[in-house]
There are 2 protein chains.
Amino acid sequence: MWRYPGDRSADYTKLDHWIELARLFERGRFDAMFIADLVGYFDVYGGNVDSALRTASQLPINDPTTLVSAMAAATHDLGFGVTAGVFYEHPYTFARRMSSLDHITNGRVGWNVVTGYLPSALRNMGQQDIPHDKRYDYADEYIEVLYKLWEGSWEDDAVVRDKAHDVYADPAKVHPINHHGEFFDVPGIHLCEPSPQRTPVIFQAGGSPRGIRFAAENAEAIFVTGPTPELVAPTVRQIRDSLEAAGRGRYDARIFMMLTAITANTEQEAWDKYHDYERYASTEGALTLYSGWIGTDLSKYDLDQPLDDIESNAIQSTAANMQKVTGDDGRRWTVRDIAIRRAIGGNSPVVVGSGEQVADELQRIVELTDVDGFNLAYVTNPGTFEDIIDYVVPILQERGVYQTEYAPGTLRNKLFGAGDHLKPTHPGYRYKVSK
Amino acid sequence: MWRYPGDRSADYTKLDHWIELARLFERGRFDAMFIADLVGYFDVYGGNVDSALRTASQLPINDPTTLVSAMAAATHDLGFGVTAGVFYEHPYTFARRMSSLDHITNGRVGWNVVTGYLPSALRNMGQQDIPHDKRYDYADEYIEVLYKLWEGSWEDDAVVRDKAHDVYADPAKVHPINHHGEFFDVPGIHLCEPSPQRTPVIFQAGGSPRGIRFAAENAEAIFVTGPTPELVAPTVRQIRDSLEAAGRGRYDARIFMMLTAITANTEQEAWDKYHDYERYASTEGALTLYSGWIGTDLSKYDLDQPLDDIESNAIQSTAANMQKVTGDDGRRWTVRDIAIRRAIGGNSPVVVGSGEQVADELQRIVELTDVDGFNLAYVTNPGTFEDIIDYVVPILQERGVYQTEYAPGTLRNKLFGAGDHLKPTHPGYRYKVSK
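Please read all numbers here as calculations on a predicted model, not as lab measurements. (Residues numbered from 1 in each chain as written. Chains lettered and ligands numbered in written order. Predicted model: local features only at pLDDT ≥ 70, side-chain atom pairs only at ≥ 80, totals over all residues. Heavy atoms only, no water.)

**What to know about the UniProt feature "domain: Luciferase-like" (unreviewed entry) in chain A**
UniProt records the feature "domain: Luciferase-like" (unreviewed entry) for residues 13–368 of chain A in the present numbering. Across residues 13–368 of chain A, the secondary structure splits into 44% helix and 15% strand, with the terminal C-alpha atoms separated by 40 Å. (UniProt positions renumbered as here; feature names shortened; annotations may be inferred. Helix = DSSP H or I, 4+ residues; strand = E, 2+ residues; numbered from the N terminus.)

Set out below in structure tokens:
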């Protein structure tokens, strides 16, 4: 939607855009800015990268870790959920990068763990394809190395800064982690002194059974996605069950549901906005992303091709979902319908209405699904966020269901109110050298 | 020197420290802030990491790339020379990180290429030791991949942002680099659109013959170090000869000499400051770094041990240098002497005096050595820099030998006044897709 009047997505290379966005989010009392990332590019649609380049579909894409410090300096409480995959960097240097960000943000950083990848990324990094289940073994060991470095190397009081005796850190309280595993050997100490949170808040969005297990064992904030709240509710229950199965509390991970809200002064104005967005939606861009996700090249089909003629489980299930969402049983959905639906809101519910109406619907969804909050997607940037902050947030605040001030301390303390560090029930806690 | 009153080195985890430092440097019209880095730690002294931890000798150490955006947002012209070694990250993701930094700094970023490593770093990243000459083959290919990504993938006008035709980038102008080499296979396109400089300004500090060749072929800013200007002069000449041998102009790389200046209102006050520093100098810290550099564990010797009894080429050459620098032929230098000399100024000249005297000496050194400027080391942070900016810079500006305002544009244009991109004589230029 970079073409939409006033949209600033194409200013992604400018710091002032990010700084203003962070300030806007803080004004709206958002918990955190979640920054997606992708190493690699979508090249299924048309069999090449051309449509991704033409429509700027997650390409070009800069490194999100480079943005954090400027936004942190311009804000006081906003968290930063930075995405990074486990296949692209050695855990030893990645541990240092995240500790550094946690230091300079004063404990406001989260890590969105990605355990998948695009084949184009592996190809460009000289790696072979990794079988799906092996990926999680790799991710398990990757994060184990990180826990050992973040939690197990430096004791809480290792840094003494004793000027009189010329001692900055007490070597007796800094320990080599002696990790020797299937994928990694890391014998030494962590390069960073303990940061405010030690382990950054772990975000995850795994949807497969193995992904949910990984999330249940590691994540403290979990993103869920589904076309309707009714379809998301069982997933939330399943995640909370999995948290218990992993020895944690049902609410030891905050669950955020992806949702797109389009709002304005009145319902009519909100719908006008929605229809205006539709005029700018790029069908080619939407199909580029969707083709990449499902692994089927949709450029082979006419935009008016009915979906029921296409042999693909993913497409049939999308068509069935669209039927459920709209309640429109008789309609034959086409490739174009998918594209427009995907272009605005992706696979998540789109709520259109006045601030009052959107607030009502958000509250209904929380009741129905037991989610803790929302991962708010945008149609236009920063327009979608400005609208939510101006029209919806004040109403939720008046109703007493939305924070008017931030809780003190680190991002973890803001989310759970139980201190800066991993809870004793978190599997990473076992690696702690200071308990 | 973190123990010195007013020193802020120990605030390295706080953003405001870095932001204030950047603003100070910009006030002093410094070209760039050079941020050192080290993955790994010094563990030769005493055979372990204890003394490095105790004296905070380049440990703990955070990731310098995370600091840049906050400092860039707080300044307008200052450049940022970020250190990164070639052995720690795949060039595909490193290329993206540097392009991202170049974008958000508006073309103010430099990369200080490190081709060496500490054994502790390789050990913690599961790598074998690499023979010295093989290292440069690796570095050569590493930087070749980067040039191809930075210069050879996206044409200058690939990004068209044509709203009317829904085209962000023209795919016909974005090219896969098809790199297939001994160490890397990178078939695809760069993930980032062209940044202001494309290739960041290349900094280097190689001292070996192979290192000087690498610098002559790649660097645009070269750091030289030596105990006296007289000993540095031939190195500068050799580098300029090597630049010519590599088909470049003698002044196509700016040469910066490391130097420590201790200055105050009067010569006497400057010397008082120097002697005050000596009281705070950590002999253990200095010997930790020095032992690591020369590979000899100096903890085995008493501080009063004369150097001439120690069998080590490096130590004998250091002792000989100290003799030359001081002109003190009769003295038997001890381990303690080395430590104190190293603690203040390292292996570089230390100039002590009033602003006038320091300015005189800097001008004499430029005359004598043909260096383009100085890599100013610090004893205390930010004290050393404040003193130079308050006492020396105004005098040099009055004399017309120091910039009063920055040149416009990117760091490269500020350094050479010849545009934002690599010069045609630079070996990276041959990879350019837009000439």
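From this point, things continue past the structure.
**Quick look at the confidence of the model for chain A**
Confidence in the prediction for chain A averages 94 pLDDT; 100% of positions are at 70 or higher. We note a pTM of 0.97 for the whole complex and an ipTM of 0.97 for its interfaces. (pLDDT = per-residue confidence, 0-100.)

**Regarding the UniProt feature "binding site: FMN" (unreviewed entry) in chain A**
Residues and elements named next belong to chain A. According to UniProt, the feature "binding site: FMN" (unreviewed entry) maps to Asp 37, Thr 83, His 132, Tyr 136 and Ser 208 in the numbering used here. As for its position among the elements, Tyr 136 is in helix α6 (residues 132–152). Given the relative accessible area of 4%, Tyr 136 is considered buried. The residues touching Tyr 136, leaving out its near neighbours within four places in the chain, are Thr 115, Ser 208, Arg 210, Gly 211 and Phe 214. If you trace the backbone, Ser 208 turns up in the loop between β8 (201–204) and α7 (209–218). Classification of Ser 208 as partly exposed rests on a relative accessible area of 24%. Ignoring any residue separated from it by four or fewer positions in sequence, one finds Ser 208 in contact with His 132 and Tyr 136. (Buried < 20%, exposed > 50% of the residue type's maximum accessible area, 1.4 Å probe, protein only. Contact = heavy atoms within 4.5 Å.)

**A word on the pattern of salt bridges**
Residues and elements named next belong to chain A. Taken as a whole and judged by the stated rule, the model has 76 salt bridges over all chains. A salt bridge links Arg 240 to Asp 372; the shortest N-O distance between them is 3.0 Å. A residue pair is termed long-range when its members are at least 10 positions apart, and Arg 240 in helix α8 (residues 229–245) and Asp 372 in the loop between α13 (355–369) and β12 (373–377) qualify at 132 residues. For Arg 240, a relative accessible area of 0% gives the class buried. Taking the relative accessible area as the measure of exposure, Asp 372 reaches 31% and is therefore partly exposed. Shared partners join several salt bridges into a network, and the residues in it are Arg 8, Asp 11, Asp 16 and Glu 20. (Salt bridge = Lys/Arg side-chain N within 4 Å of Asp/Glu carboxyl O.)

**Observations regarding the pairing of strand β1 (residues 32–35) of chain B**
Residues and elements named next belong to chain B. Side chains Met 33 and Ile 35 project from β1 onto a buried face, and the interleaved Ala 32 and Phe 34 project onto a face without burial. Of the strand pairs in this sheet, β1 and strand β2 (residues 79–85) are connected by four bridges, and their pairing is parallel. By the bridge assignment, Ala 32 is partnered in β2 with Gly 79. (Pairing = 2+ DSSP bridges.)

**Digging into the side chain of Asp 7 of chain B**
For Asp 7 of chain B, the position within the fold is in the segment before α1 (15–27). Within the buried set, Asp 7 of chain B has no salt-bridge partner at all; the shortest N-O distance to an opposite charge, 7.5 Å, is to Lys 163 of chain A. Of note is the side chain of Asp 7 of chain B, whose polar atom sits 2.6 Å from the side chain of Ser 9 of chain B. When neighbours within four sequence positions are excluded, Asp 7 of chain B is seen to be in contact with Met 1, Trp 2, Val 379, Thr 380 and Asn 381 of chain B. (Lys, Arg positive; Asp, Glu negative; His and termini not counted. Polar contact = N/O pair within 3.5 Å; in protein donor to acceptor, adjacent residues only side chain to side chain.)

**Some points on the pairing of β2 of chain B**
When a strand is regular, its side chains alternate between the sheet's two faces. Residues and elements named next belong to chain B. Burial analysis of β2 places seven of its seven residues in the buried class, the great majority of the element. Burial of the side chains of β2 extends over both faces: Gly 79, Gly 81, Thr 83 and Gly 85 are buried on one face and Phe 80, Val 82 and Ala 84 on the other. In terms of strand pairing, β2 meets strand β3 (residues 109–114) through six bridges, oriented parallel. Bridge assignment links Ala 84 to a residue of β3, and that residue is Val 113.

**Focus: the environment of Tyr 147 of chain B**
Assignment of secondary structure puts Tyr 147 of chain B in helix α6 (residues 132–152). For the pair Tyr 147 of chain B and Val 113 of chain B, spaced 34 residues apart in sequence, the C-alpha to C-alpha distance is 13 Å.

**What about the packing of helix α1 (residues 15–27) of chain A against helix α14 (residues 383–398) of chain A?**
Residue and element names in this part refer to chain A. At their nearest, the axes of α1 and α14 sit 10 Å apart, and the two run at 20° to each other. Considering the angle they form, α1 stands roughly parallel to α14. The hand of the α1/α14 crossing is left-handed. Residues Leu 21, Leu 24, Phe 25 and Arg 27 of α1 pack against Phe 385, Glu 386, Ile 389 and Asp 390 of α14. Looking at side-chain class alone, the contact of α1 with α14 contains five nonpolar, no polar and three charged residues. (Axes fitted to C-alpha atoms, helices over the stretch in contact; angles between N-to-C directions. Parallel < 35°, antiparallel > 145°, perpendicular 65-115°, else oblique. Left-handed = near helix turned anticlockwise from the far one by under 90°. Nonpolar A, V, L, I, M, F, W, Y, C, P; charged D, E, K, R; others polar.)

**A few points about the side chain of Arg 412 of chain B**
Note that Arg 412 of chain B resides in helix α15 (residues 411–416). For Arg 412 of chain B, a relative accessible area of 2% corresponds to the buried category.

**Section: the relation of the copies chain B and chain A**
Both copies of the chain are placed relative to one another by a rotation about an axis and a shift along it. Of the two same-sequence chains, chain B is brought onto chain A (RMSD 0.0 Å, axial shift 0.0 Å) by a rotation of 180°. What the superposition gives is, in effect, a two-fold axis relating one chain to the other. Every residue of chain B has its C-alpha some distance from the rotation axis, and the shortest such distance is that of Ala 70 of chain B, at 1.8 Å. Most of the interface of chain B is mirrored in chain A: 100% of its interface residues are interface residues there too. (Least-squares fit on C-alpha atoms with pLDDT ≥ 70 in both.)

**Notes on the interface of chain B and chain A**
As a measure of interface size, the accessible area lost when the parts come together is often cited. Listed per partner, the contact involves 68 residues of chain B and 68 residues of chain A. Buried area between chain B and chain A, both sides added, is near 6,100 Å², and the carbon and sulfur share of it is 60%. Its salt-bridge partner being Asp 63 of chain B, residue Arg 97 of chain A comes within 3.0 Å of it at the nearest N-O pair. Along the contact surface separating chain B from chain A lie 37 residue pairs in polar contact (both at pLDDT 80 or more). Counting only elements with at least two residues in the side of chain B that touches chain A, the list comes to α1, α2 (50–55), α3 (68–73), α4 (91–104), α5 (119–124), β4 (159–162), β5 (167–169) and β7 (185–186) of chain B. It is α4 of chain B that provides the largest number of residues to the side of chain B that touches chain A, a total of eight residues. Taken together, the residues of the side of chain B that touches chain A sort by class into 37 nonpolar, 15 polar and 16 charged. (Buried area = accessible area lost by both parts, 1.4 Å probe.)

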